[in-house]
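The lines below spell out each chain.
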Amino acid sequence: QVQLVESGGGLVQAGGSLRLSCASSGRTFSTNRMAWFRQSPGKKREFVATISWTGGYTQYADSVKGRFAISRDKDKNTMYLQMNSLKPEDTAVYFCAATSRVSASLIEVGYDYWGQGTQVTVSS
């Protein structure tokens with residue numbers, strides 16, 4: 001119904017920046033609310049940031065607040081995550097998620113569609 005594809009991950013040094021993209025296709029009407037999650041090996045998937053349909057409302061995890069910026073371009077069906085001042089603790093697979101629901105959610109079960117993930121590795 002909805003396909004999500006992340007890109008932009010890679011290996012960077014601490015203090016560097018990366019910009020992740022999430023391209024959506026299919027029933028984009030089902031992407032009212034979108035979010036980024038991340039997961040490290042052996043750990044559960046954790047919330048990073050979420051954005052509303054228009055992009056007018058955003059929310060961030062405390063661990064990334066002030067360093068990351070989420071945005072979306074509805075015309076291009078693409079969501080972005082600008083990551084600055086990266087730390088080794090940011091190393092994880094980053095996942096794009098979406099839901100047809102309007103309400104914000106900070107937990108994994110609040111989203112219906114997921115991308116395959118893109119690896120971000122930050123060296124010290």
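This text goes with the structure placed above it.
Everything numeric in this text was worked out from a predicted model, so none of it was measured.

Examining unusual backbone geometry
Argument step 1. Of note, Asn77 is a non-glycine position whose phi angle comes to about 55 degrees, a positive value.
Argument step 2. Considering the arrangement of structural elements, one finds Asn77 in the loop between β7 (68–73) and β8 (78–83).
Argument step 3. Residues other than glycine seldom take positive phi values, yet Ser85 does so here, at roughly 50 degrees.
Argument step 4. Looking at the element boundaries, Ser85 is found in the loop between β8 and β9 (92–99).
Argument step 5. Here Ser85 falls in the partly exposed class, since its relative accessible area comes to 42%.

Describing the state of the cysteines
Argument step 1. Here the structure, examined in full by the defined rule, presents one disulfide.
Argument step 2. Sulfur-sulfur distance for the disulfide between Cys22 and Cys96 comes to 1.9 Å. In this structure the cystine formed by Cys22 and Cys96 twists about its S-S bond by roughly -70 degrees; its chirality is therefore left-handed. Of this pair, Cys22 sits in strand β3 (residues 18–26) while Cys96 sits in strand β9, and the two are 74 residues apart along the sequence. Of the two residues examined, Cys22 and Cys96, each falls in the buried class.

Cut-offs applied
All residue numbers here refer to positions counted from 1 along the written sequence of the relevant chain. Per-residue local features of the predicted model are confined to residues with pLDDT of at least 70, and side-chain atom pairs are confined, for both listing and counting, to 80 or more; whole-chain, interface and lining totals are unaffected and use all residues. Computation of side-chain values covers all heavy atoms of the structure but excludes hydrogens and water. Helical segments are the DSSP runs of H or I of at least four residues, strand segments are the runs of E of at least two, and each set is numbered from the N terminus. Exposure categories follow from relative accessible area, calculated using a 1.4 Å probe and restricted to protein chains: below 20% of the type maximum is buried, above 50% is exposed, and the middle band is partly exposed. Note on terminology: disulfide denotes any pair of cysteine sulfur atoms within 2.5 Å.

Geometry only, nothing functional implied.
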